[in-house]
Amino acid sequence: QVQLVESGGGLVQPGGSLRLSCAASGTIFNIGAMGWYRQSPGKQRELVATITSGGSTNYADSVKGRFTISRDNAKNTVYLQMNSLKPEDTAVYYCNAIITDVYRTIRNYWGQGTQVTVSS
């Protein structure tokens, strides 16, 4: 029973900041790459940022320079620091992780999503 739980979403004004967290728990043996995706109504889910187990990062062009992804392997947690937020950043943000459980089954897990709304 592995699960990902996101937190930190909310309503923020343009130019503001939010920090999202995603904690993995359960019968975990190993966590590989982790990432954040987002989805707005009527749009496809899109990649925001990824981070490998070794700490290599990748960002969508639309968030580069404003968002920072990081992870704390001791806490099985990935973070997304979002600065200089724009209305177009409004979306449901989903955490994703490749996890090997204690039974050595490898699966791609998704969190339940957390709403981020950027508006005056």
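Whatever comes next refers back to the structure up there.
Report follows, based on the coordinates. Note that the coordinates shown come from a computational prediction; the quantities given were computed from them, not determined experimentally.

## Side note on the sheet that holds strand β8 (residues 77–82)
In step 1: Read from one edge to the other, the open sheet built from four strands follows the order β1-β3-β8-β7, with strand pairing classed as antiparallel. In the strand order of this sheet, the two ends are held by β1 (3–7) and β7 (67–72), each with one partner. Pairs of neighbouring strands in the sheet enclose a mean axial angle of 15°, with direction left out of account.

## Let's talk about empty space enclosed by the protein
In step 1: Scanning the entire structure with this criterion turns up one cavity of 30 Å³ or more.
In step 2: In this structure, the largest cavity encloses a volume near 40 Å³.
In step 3: Considering the residues around the largest cavity, the lining is formed by Arg38, Gln39, Ser40, Lys43, Gln44, Glu46 and Ala91.
In step 4: Residues belonging to the lining of the largest cavity are distributed by class as follows: one nonpolar, three polar and three charged.

## Details of the pairing of strand β9 (residues 91–101)
In step 1: Most of β9 sits out of view: nine of its 11 residues are buried.
In step 2: One ladder, built from nine bridges, connects strand β4 (residues 28–39) with β9; its direction is antiparallel. Looking at the pairing, Gly35 lines up with Asn96 of β9.
In step 3: Bridge count between β9 and strand β10 (residues 106–110): five bridges; the pairing is antiparallel. Bridge assignment links Asn96 to a residue of β10, and that residue is Trp110.
In step 4: Linking β9 to β10, which pair antiparallel, is a turn of four residues; within it Arg104 sits at a positive phi near 70°.

## Considerations on the pattern of salt bridges
In step 1: One pass over the structure, following the stated rule, counts four salt bridges.
In step 2: Linking Asp61 and Lys64 is a salt bridge whose minimum nitrogen-to-oxygen distance equals 3.3 Å.
In step 3: Exposure remark for Asp61: the relative accessible area of 66% places this residue in the exposed category.
In step 4: We note a salt bridge from Arg66 to Asp89, for which the minimum N-O separation is 2.8 Å. In this pair, Arg66 sits in the loop between β6 (57–59) and β7 while Asp89 sits in the loop between β8 and β9, placing the two residues 23 residues apart along the sequence.

Rules used throughout
Residues numbered from 1 in each chain as written. Predicted model: local features only at pLDDT ≥ 70, side-chain atom pairs only at ≥ 80, totals over all residues. Heavy atoms only, no water. Pairing = 2+ DSSP bridges. Helix = DSSP H or I, 4+ residues; strand = E, 2+ residues; numbered from the N terminus. Axes fitted to C-alpha atoms, helices over the stretch in contact; angles between N-to-C directions. 1 Å grid on protein atoms, 1.4 Å probe; cavity = no way out; pocket = protein on both sides within 12 Å on 5 of 7 lines; lining within 4 Å. Points joined across faces, edges and corners; volume = space filled by probe spheres on them. Nonpolar A, V, L, I, M, F, W, Y, C, P; charged D, E, K, R; others polar. Buried < 20%, exposed > 50% of the residue type's maximum accessible area, 1.4 Å probe, protein only. Salt bridge = Lys/Arg side-chain N within 4 Å of Asp/Glu carboxyl O.

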